[in-house]
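Residue-level listing of the chains:
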Amino acid sequence: QVRLVESGGGLVQAGGSLRLSCAASGSIFSMNAMAWYRQAPGKQRELVARISNNGSTNYADSVKGRFTISRDNAKSTAWLQMDSLKPEDTAVYYCNADGGGSRWFPRWDAWGQGTLVTVSS
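Residues numbered from 1 in each chain as written. Predicted model: local features only at pLDDT ≥ 70, side-chain atom pairs only at ≥ 80, totals over all residues. Heavy atoms only, no water.

Novice: I'd like to hear about the state of the cysteines, residue by residue, with values.
Specialist: Inspection of the entire model under this criterion finds one disulfide. Through a disulfide, Cys-22 is tied to Cys-95; the S-S separation comes to 2.0 Å. Across the disulfide from Cys-22 to Cys-95, rotation about the S-S bond amounts to roughly -85°, and the bridge is consequently left-handed. Separated by 73 residues along the polypeptide, Cys-22 in strand β3 (residues 18-26) and Cys-95 in strand β9 (residues 91-99) bring together distant segments of the chain. When sorted by exposure, Cys-22 lands in the same class as Cys-95, which is buried. (Disulfide = S-S within 2.5 Å. Helix = DSSP H or I, 4+ residues; strand = E, 2+ residues; numbered from the N terminus. Buried < 20%, exposed > 50% of the residue type's maximum accessible area, 1.4 Å probe, protein only.)

So this is what it looks like as structure tokens:
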């Protein structure tokens, strides 16, 4: 199975920055999109940012202009640069990746264990 490991979470003051990393390892076959989700207490998990294998990106409206997702296909790694952080950004952030779905590779998806981001006011 594919394993995803996040890192970079922590405590930061409002207006500060954090950079999250997600490294994929294991049985990686034709990885497609990588994405970051987050889940705050009492709320459902929501998509924060997604990046396709060709570099196309999508962002939640709440983070546009503040967060940037990037990836290195050769390293099977994705990053989430978070700037101008707000208290409402406080959540557990999860990395997600999917791949396959072609006639040559079986379809798969994987999730990381999550990393906690806490933004103080």
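Once the structure has been displayed, the description carries forward.
Novice: Any chance you could break down the nonpolar core for me, citing the residues and the numbers?
Specialist: Formed by 30 residues in total, the largest nonpolar core has its most connected members in Trp-36, Leu-80, Met-82 and Tyr-93. Here Leu-80 is in contact with Leu-18, Arg-19, Leu-20, Trp-36, Val-48, Ala-49, Phe-67, Thr-68, Ile-69 and Tyr-93, once residues within four sequence places are set aside. (Core = buried A, V, L, I, M, F, W, Y, C linked by side-chain atoms within 4.5 Å. Contact = heavy atoms within 4.5 Å.)

Novice: Explain the pairing of strand β7 (residues 67-72) residue by residue, including any values.
Specialist: Burial along β7 is one-sided: Phe-67, Ile-69 and Arg-71 are buried, and none of Thr-68, Ser-70 and Asp-72, which face the opposite way, are. Sheet topology places β7 next to strand β8 (residues 77-82); six bridges connect them, and they run antiparallel. In the sheet register, Asp-72 faces β8, and the bridge partner there is Thr-77. What sits between the antiparallel neighbours β7 and β8 is a turn of four residues, in which Ser-76 has the positive phi angle 50°. (Pairing = 2+ DSSP bridges.)

Novice: Tell me what's going on with the packing of aromatic side chains, and back it up with residues and numbers.
Specialist: In this structure the tally under the stated criterion is two aromatic pairs. Ring geometry for Phe-29 and Phe-105: centres 6.1 Å apart, planes at 35°, overall tilted. Residue Phe-29 is found in the loop between β3 and β4 (31-39), and its partner Phe-105 is found in the loop between β9 and β10 (108-111); the two are separated by 76 residues along the sequence. Each ring, one from Tyr-37 and one from Trp-111, has its centre 4.9 Å from the other, and the planes form 55°; the classification is tilted. Of this pair, Tyr-37 sits in strand β4 while Trp-111 sits in strand β10, and the two are 74 residues apart along the sequence. Relative accessible area serves as the criterion here: at 15%, Tyr-37 is assigned to the buried category. (Phe/Tyr/Trp six-rings, centres within 6.5 Å; stacked < 30°, edge-to-face > 60°.)

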